[in-house]
Amino acid sequence: AQSVTQLDSQVPVFEEAPVELRCNYSSSVSVYLFWYVQYPNQGLQLLLKYLSGSTLVESINGFEAEFNKSQTSFHLRKPSVHISDTAEYFCACKPQGGSEKLVFGKGTKLTVNP
Amino acid sequence: DVKVTQSSRYLVKRTGEKVFLECVQDMDHENMFWYRQDPGLGLRLIYFSYDVKMKEKGDIPEGYSVSREKKERFSLILESASTNQTSMYLCASSPIGPFRAQHFGDGTRLSIL
């Protein structure tokens, strides 16, 4: 079975500061990894995903995440955040060649203050 | 763009009522999912369907049932609503393939009084 741990439930930062949202996973098999974002009063949107190949993946709005197999981590980073990045962020994984079901972390609420 | 539409954004029902939450997707996806989202608990899978009339229990199926009579529509049913089922309910769909991402609707905030 897989599990996902998001180490911080809330992360407050100031605008234009860098941010890292931490995600660790546990699995006995290889996994695909995903980050989703949920803006207030909306559903989840896919931010980025790691399937294979380069361990650094990027999104169109400046976020990036790095897959680290030895540390079983998939941390999300942004060098300079905007007020509009205020949202809840969910890390998730799926076993390769296995279930279609996603295993989610409990989420990290990012608040960007002026 | 994939569109997953949930029939209601907000719903208020009474204890003991039978409640139907509807979800429709327009991309011919095989998989559909119902989640419940509660503060501090993240998303928990209630039921999953991988084909018409096929379903699989998720992590918290008790008190819920589902129906998938057509590929594009997946219904969540609360047989006898209780106050502890007050929550945000999210529907999602995806094509077959574990590397495929799920696409979510905007959610239904359900209050049981």
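Residues numbered from 1 in each chain as written. Chains lettered and ligands numbered in written order. Predicted model: local features only at pLDDT ≥ 70, side-chain atom pairs only at ≥ 80, totals over all residues. Heavy atoms only, no water.

### Some thoughts on the pattern of salt bridges
All names here are of chain A.
- With the rule as written, the count across this model stands at 11 salt bridges over all chains.
- The shortest N-O distance in the salt bridge between Arg77 and Glu66 comes to 3.7 Å. Residue Arg77 is found in strand S9 (residues 73-78), and its partner Glu66 is found in strand S8 (residues 64-68); the two are separated by 11 residues along the sequence.
- For Arg77, a relative accessible area of 28% corresponds to the partly exposed category. (Salt bridge = Lys/Arg side-chain N within 4 Å of Asp/Glu carboxyl O. Helix = DSSP H or I, 4+ residues; strand = E, 2+ residues; numbered from the N terminus. Buried < 20%, exposed > 50% of the residue type's maximum accessible area, 1.4 Å probe, protein only.)

### Let's talk about the layout of surface pockets
- By volume, the largest pocket is sized at about 560 Å³.
- Counting residues per element, the ones that place at least two in the lining of the largest pocket are strand S10 (87-95) and strand S12 (108-113) of chain A together with strand S4 (31-38) and strand S9 (87-94) of chain B.
- Looking at side-chain class alone, the lining of the largest pocket contains seven nonpolar, 13 polar and five charged residues.
- Empty space within the second largest pocket amounts to approximately 450 Å³.
- Leu44, Gln45 and Leu46 of chain A together with His103 and Phe104 of chain B are, among the 20 residues lining the second largest pocket, the residues nearest its centre.
- Among the secondary structure elements, those contributing two or more residues to the lining of the second largest pocket are strand S6 (44-50) of chain A together with strand S10 (103-104) of chain B.
- Counting residues per element, the lining of the second largest pocket draws most heavily on S6 of chain A, which supplies four residues. (1 Å grid on protein atoms, 1.4 Å probe; cavity = no way out; pocket = protein on both sides within 12 Å on 5 of 7 lines; lining within 4 Å. Points joined across faces, edges and corners; volume = space filled by probe spheres on them. Nonpolar A, V, L, I, M, F, W, Y, C, P; charged D, E, K, R; others polar.)

### Points about empty space enclosed by the protein
- Enumeration over the complete set of coordinates arrives at one cavity of 30 Å³ or more.
- Around the largest cavity, the lining residues are Asn41 of chain A together with Arg9, Tyr10, Met88, Gly107 and Arg109 of chain B.
- Its residues placed into classes, the lining of the largest cavity shows two nonpolar, two polar and two charged.

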